[in-house]
Each structure stands twice: as C-alpha cells, then as structure tokens.
Amino acid sequence: MTGAVPATPRVRVQEAPFDLAAESTALTAGRENVGGVASFVGLCRADDGLAALALEHYPGMTERAIAGIAAEACSRWPLSGCTVIHRVGRLRPGEPIVLVLTASAHRGAALESCAFLIDWLKTGAPFWKREEFADGRERWVEAKADDDRAAARWARATGEAPAA
Amino acid sequence: MTGAVPATPRVRVQEAPFDLAAESTALTAGRENVGGVASFVGLCRADDGLAALALEHYPGMTERAIAGIAAEACSRWPLSGCTVIHRVGRLRPGEPIVLVLTASAHRGAALESCAFLIDWLKTGAPFWKREEFADGRERWVEAKADDDRAAARWARATGEAPAA
Amino acid sequence: MQVLYFAWVRQKVGVAEERVSPPPEVADVAGLVRWLSGRSAGHAAAFENAGAIRAAVNQEFAAPDRRLSPGDEVAFFPPVTGG
Amino acid sequence: MQVLYFAWVRQKVGVAEERVSPPPEVADVAGLVRWLSGRSAGHAAAFENAGAIRAAVNQEFAAPDRRLSPGDEVAFFPPVTGG
C-alpha cells in the first residue's frame, strides 16, 4: 500500500495509438509496492463486413467524465496507479480503441477496478461510434442493454441521464 | 468469435523476464475478431524489508498443471487466445513474476478468465516462494486462506490434494 | 446559450453547434427540446423521438427537468457507445 | 519408486530426490509417508506434521489414500504459493 493518499489517474483522449508496455511501466517503474497490474485493451472487431469505426467524443466533457470515474475507482479500491486512454477518429478492424490499466498492492483490487472502469466506459463515457461497412453503408452503433447490465453490477448511481 | 475450436494456450515457466507488449501483440496480430485483451502482471513487492523472493517449481508437473487450467479456461470462456508465463529463480522487489493474458471477442470473457487464471495460479500451481530479507532471515511463504477463497469463487473441483 | 449536437443528432440538425436565445418561458431541458424542435425541419427530425436523446448541461449529464440559465452550455446526443 | 521433495520438505529431508524400494505393505501415499519417516532424522522432521504436506503421484495432486505402484514418481511439498 502506498498509504492513504489516492493515486492521481492519468486520462487521455487521443487519435494516436497507445503503447501498452510504456503505460504499464509508467505505473510500476521505481516502485516496490505494486503487487499487480491489470489491463484491458479493447479492439475494433471486423463484425459483419465492418471496414472502419468512426469514434466521436464531446471534447471537455469526455475527459472530465473519465477523470471522474477514474477518481471514483481510486477511492473504491486501494490503487497505486490508474490509466485510461481512449482513442477517437477513424479506426480499422484490429486496431486498439481503449486501454485501462490499474495497479495495486493487491491483485483483486487491480482486477476489479479494471473491470469496473471498462464496464463504465462502455455505458457512461460520452463517445459515439459510427460503423462504416465495406459496401458503403454507415450506421450509428446503438447502446446495448448488455452493457448497461454489466455497468449496473457495480451498483453506482452514474450520471447517465434519463431520456430528455 | 473464432468458431468452435478452442484456442491453444501458450504456457511457459522461465527464469527470464517476459515482454508484455510482445505477448499481447502475439494474441492479436493479424486477427480482426478480437474484441478485448485482458492481462494481469503480478510483481514482487518489497513487504517488510524483503530483499528477494526465490521461486521454486516442480519441472514437468508445473507446466502440465498450468496447461491443464489454461485449457479449462479456454473451454469455459470463448477465448481466441490465452498466455500464461510464470518466472522462477531469484526475483527482486519490483520485478514481474507472472503474466496472464486472455483474448476474446467479448470483454467479459477476457476479464473473467484472466481473474480465474490468476486466482488459480495463486492456489493450485506447484510453485513455492521463499522470502529473503535484508537482515539475512529467510522464510517460506505460507499458503493464504484469502487466496483459497478467491480460487473457490470459481467453484471448480481443483486437483489440490488434502493433507497427505 | 450555447447548444451542441453529437452523432446522429448533429447529422439531423445539420450543425454541430449554435448560439440560441430562447424566450424566458423555456425554463428547463425539456422546454428547450420543444422550443428547438420548432426552429427547422432538421431540428424537428432530430428531436422527433425525445426518448432516444440524452442531454448534458455544462458538460454534466442532465435530466429533462434540469433548470437552465442563459449562460449554460447544453448538449444533445444519443445514448453513449464508448469503450 | 522415485521420490521428490520440494521447498522446506526438501530442506528438512536433506535431498531433492531419491530412489526407494518400500516393502509391499506400503500400498498408498499415507503408508509411504510413514515408511519414509523412519529412514532418517531428517525424514522424520519433514513428515512430523503430515497435515502440512501435500503429495503428487506421477505429477498429479494425490490424496493420502492414493494407491502406489513400484514405477511411480511421488513428490512431497508444502501447500503451493505461486502467482
């Protein structure tokens, strides 16, 4: 344990790819109190002839919302580090979209908070995905009930608003 | 989904460090059907003045036991890839000990199977840790009831034997 | 009051952002939706099914009864699909 | 029969591995533990608290009542502490 001061999460929204190894090393370099680092990398799948995903965000609100949930993760679990990077722009199948990294003295804290963050990113972070297919069709991805259920497991009153 | 054929797990027990980025890339390179890759890296903590951990294994049985549990993970979750690397020998605080990587079309499958594998590695894999302290003391690490409880969550009849 | 639109809401309205000055009787998010719907055929199409739209006020998710002030930044968008 | 010892069991016995030929009445893992305990002070110390020791036969975890054959590889060790 690093003590009572929660870790300061690192949050970025960017078009560029991210470097899993560098981000992981940044959470452990020079520290001897990290017992485990959990990570999740979400990738773009080539479902149904998908040619690309176009990811849009709300600059300002998106970063703020992710920083808020990352701070919540750091208060719910004893994390020594937490990094969330989400890409935007046009991404092709096979490309990484999102990275969540959590470090803790205890493996359970790292694993659970990593799952919590990715479940929330699916349901509460202001991103919108448009699918572009090989045949020229385009379609905005619709929110999934499955994802809402996954996020609801964490039993938090998220800020996601009811219908306007 | 890659279809009905389960992935072939990659299992290694070695003294050398491992390369998280290279292992992660190996599970996704050239594939467009992987939706997520979960990973867990366990590290050596400097608890109570620890100077080093000496990790011993049972050559043959250890690899076989890990391959068995990895195959079970591939049959319980729809994984497109699964890698487990466990180091042995003398490791200093801050050094990585174990890597678990799971890839799937679905994030839940990747996250859950990763947690399952690391919980099992803590309780069912034939490794023994000896702690070496700065003041010269040495101590064999005792199995923890916490770890047994974490593994029991997965409700599997593991092969761990009762007292001889 | 600055209003922003995202994803298909933006596509239907036809602009990403606009400055508006609704009359004083537009007091909350639901009122703003009704008032914006009258501005153009695009706005009307975007807000046709209000249940499919979410809102944020000053970059925080907001319910339909959220009160509004003239200086607010209000955004409308579909349910989010990140991650 | 090949017998292997790991961790503090190995340290107490004093060897990592030995070839033994127990008499026919040593039929299972529990019987082998009793018979090995009589071989030296080190063996006796290692097996003093049998409840603290686990066994494997032919590289699979084995219970005390596991039957043994002359060609088996039997290993004794403390509860595992990996990961």
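Residues numbered from 1 in each chain as written. Chains lettered and ligands numbered in written order. Predicted model: local features only at pLDDT ≥ 70, side-chain atom pairs only at ≥ 80, totals over all residues. Heavy atoms only, no water.

Colleague: Got a minute to help me understand the overall build of chain C in this structure?
Modeller: Looking only at helices and strands, chain C has 3 helices and 5 strands in total. Scanning chain C from its N terminus toward the C terminus, one meets helices and strands in the order β-α-β-α-α-β-β-β. For 83 residues, the compact-globule estimate of 2.2 N^0.38 gives 12 Å, and chain C sits close to it at 12 Å. Projecting the C-alpha coordinates of chain C onto the three principal axes gives extents of approximately 35 × 30 × 20 Å. Here chain C holds 83 residues, and 52% of them are scored as buried. Across chain C, contacts joining residues at least 24 apart in sequence account for 52% of those joining residues at least 6 apart. Here chain C has roughly 3700 Å² of accessible surface; of this, 48% comes from carbon and sulfur atoms. When the 8 basic and 9 acidic side-chain charges of chain C are each reduced to a single mean position, those positions are 3 Å apart. (Helix = DSSP H or I, 4+ residues; strand = E, 2+ residues; numbered from the N terminus. Rg over C-alpha atoms; globule rule 2.2 N^0.38 Å. Buried < 20%, exposed > 50% of the residue type's maximum accessible area, 1.4 Å probe, protein only. Contact = heavy atoms within 4.5 Å. Areas by Shrake-Rupley, 256 points an atom, 1.4 Å probe, with all protein chains shown as cover. Lys, Arg positive; Asp, Glu negative; His and termini not counted. Charge placed at Lys NZ, Arg CZ, Asp CG, Glu CD.)

Colleague: Please clarify how the overall build of chain A should be interpreted in this entry.
Modeller: Secondary structure assignment for chain A yields 4 helices and 8 strands. In sequence order, chain A lays out its α and β elements as β-α-β-β-α-β-β-β-α-β-β-α. Structurally, chain A occupies a C-alpha span of about 55 × 35 × 25 Å along its principal axes. Taking all 164 residues of chain A together, 56% fall into the buried category. When the accessible area of chain A is evaluated, it comes to approximately 6700 Å², of which 51% is carbon and sulfur surface. Charged side chains of chain A number 19 positive and 21 negative; the gap between the two group centres comes to 3 Å.

Colleague: Help me understand the interface of chain A and chain C, please; the structure alone is not making it clear to me.
Modeller: Interfaces are frequently sized by the accessible area removed from exposure as the parts join. The partner chain C presents 30 residues to the 30 residues of chain A that form the contact. Counting each side, the surface lost to burial between chain A and chain C is near 2500 Å², with a carbon and sulfur contribution of 59%. On the surface where chain A and chain C come into contact, there are 2 salt bridges. Between Glu56(A) and Arg10(C) there is a salt bridge, and its shortest N-O distance comes to 2.3 Å. Counting every contact that joins chain A to chain C gives 9 residue pairs in polar contact (both at pLDDT 80 or more). Secondary-structure elements contributing two or more residues to the side of chain A that touches chain C are β3 (50-57), α2 (61-76), β6 (96-104), α3 (107-124) and β7 (127-133) of chain A. (Buried area = accessible area lost by both parts, 1.4 Å probe. Salt bridge = Lys/Arg side-chain N within 4 Å of Asp/Glu carboxyl O. Polar contact = N/O pair within 3.5 Å; in protein donor to acceptor, adjacent residues only side chain to side chain.)

Colleague: Would you explain the sheet that holds β3(A) in this entry?
Modeller: Each strand in a sheet pairs with its neighbour through backbone hydrogen bonds, running either in the same direction (parallel) or in the opposite one (antiparallel). Residues and elements named next belong to chain A. Taken together, 4 strands build an open sheet; the order of strands is β5-β3-β7-β8 and the sheet is antiparallel. Looking at which strands have only one partner, the edges of the open sheet turn out to be β5 (89-91) and β8 (138-140). The average undirected angle you get between the axes of adjacent strands in this sheet is 25°. Two elements, β7 and β8, share 3 bridges in a ladder whose sense is antiparallel. Across the sheet, Arg130 pairs through a bridge with Trp140, a residue of β8. (Pairing = 2+ DSSP bridges. Axes fitted to C-alpha atoms, helices over the stretch in contact; angles between N-to-C directions.)

Colleague: What is the right way to look at the pairing of strand β6 (residues 96-104) of chain B in this model?
Modeller: Along a regular strand, successive side chains alternate from one face of the sheet to the other. All names here are of chain B. Across the 9 residues of β6, 8 count as buried, placing the element largely inside the fold. In the sheet, strand β4 (residues 79-87) pairs with β6 via 7 bridges, with the strands oriented antiparallel. Bridged to Cys82 within β6 is Thr102.

Colleague: What am I meant to see in helix α1 (residues 20-28) of chain A here?
Modeller: Counting along an α-helix, one turn takes 3.6 residues, and residues three or four places apart therefore face a common direction. Within α1(A), burial applies to Leu20(A), Glu23(A), Ser24(A), Leu27(A) and Thr28(A). Within α1(A), the buried residues cover an arc of 130° as seen down the axis, which keeps them to one side. Turning to α1(A), the residues buried within the fold contact β1 (10-14), β2 (36-43), β4 (79-87) and β6 of chain A together with α1 (20-28) and β2 (36-43) of chain B. Trailing α1(A) by a residue or two, Gly30(A) shows a phi angle of about 75°, which is positive. (Arc of directions from axis to C-beta.)

Colleague: Before we go on, may I ask you to explain the nonpolar core in this structure?
Modeller: Soluble globular proteins: nonpolar side chains tend toward being buried together. Core analysis: the biggest nonpolar cluster contains 74 residues, and Ile66(A), Leu117(A), Leu121(A), Leu117(B) and Leu121(B) have the highest contact counts within it. Counting residues in hydrophobic clusters, the runner-up holds 33 residues, among them Met1(D), Val3(D), Ala56(D) and Val74(D). (Core = buried A, V, L, I, M, F, W, Y, C linked by side-chain atoms within 4.5 Å.)

Colleague: What am I meant to see in the interface of chain B and chain D here?
Modeller: Counting residues at the interface gives 30 residues for chain B and 29 residues for chain D. Inspection of the chain B/chain D interface yields 2 salt bridges. Where chain B touches chain D, the interface holds 9 residue pairs in polar contact (both at pLDDT 80 or more). Elements that contribute at least two residues to the side of chain B that touches chain D include exactly β3 (50-57), α2 (61-76), β6, α3 (107-124) and β7 (127-133) of chain B. Classifying every residue of the side of chain B that touches chain D by side-chain character gives 17 nonpolar, 6 polar and 7 charged. (Nonpolar A, V, L, I, M, F, W, Y, C, P; charged D, E, K, R; others polar.)

Colleague: Is there a simple way to think about the confidence of the model for chain A in this case?
Modeller: Caution applies to low-pLDDT regions: their predicted coordinates should not be interpreted in detail. Looking at chain A, the pLDDT average stands at 89 and 91% of residues meet or exceed 70. Contacts for the low-pLDDT stretch residues 157-162 of chain A, under 50 throughout, to residues beyond four places or in other chains number 15 contacts. (pLDDT = per-residue confidence, 0-100.)

Colleague: What should I look at first to understand the confidence of the model for chain C in this one?
Modeller: Scored by pLDDT, chain C has a mean of 96; 100% of the residues are at 70 or more. The complex prediction reports pTM at 0.89, with the ipTM value standing at 0.88.

Colleague: It is not clear to me how the pattern of salt bridges should be interpreted in this structure. Could you clarify?
Modeller: If charged atoms from side chains of opposite charge come close, those side chains can pair. In total, this model carries 28 salt bridges over all chains according to the counting rule given. Put simply, Arg130(A) and Glu132(A) hold a salt bridge, and the shortest N to O gap is 3.1 Å. The same class applies to Arg130(A) and to Glu132(A), which are both buried. In this structure, Arg130(B) and Glu138(B) form a salt bridge, with 3.0 Å as the shortest nitrogen-oxygen distance. What you see here is one network of salt bridges that share partners, running through Arg90(A), Arg130(A), Glu132(A) and Glu138(A).

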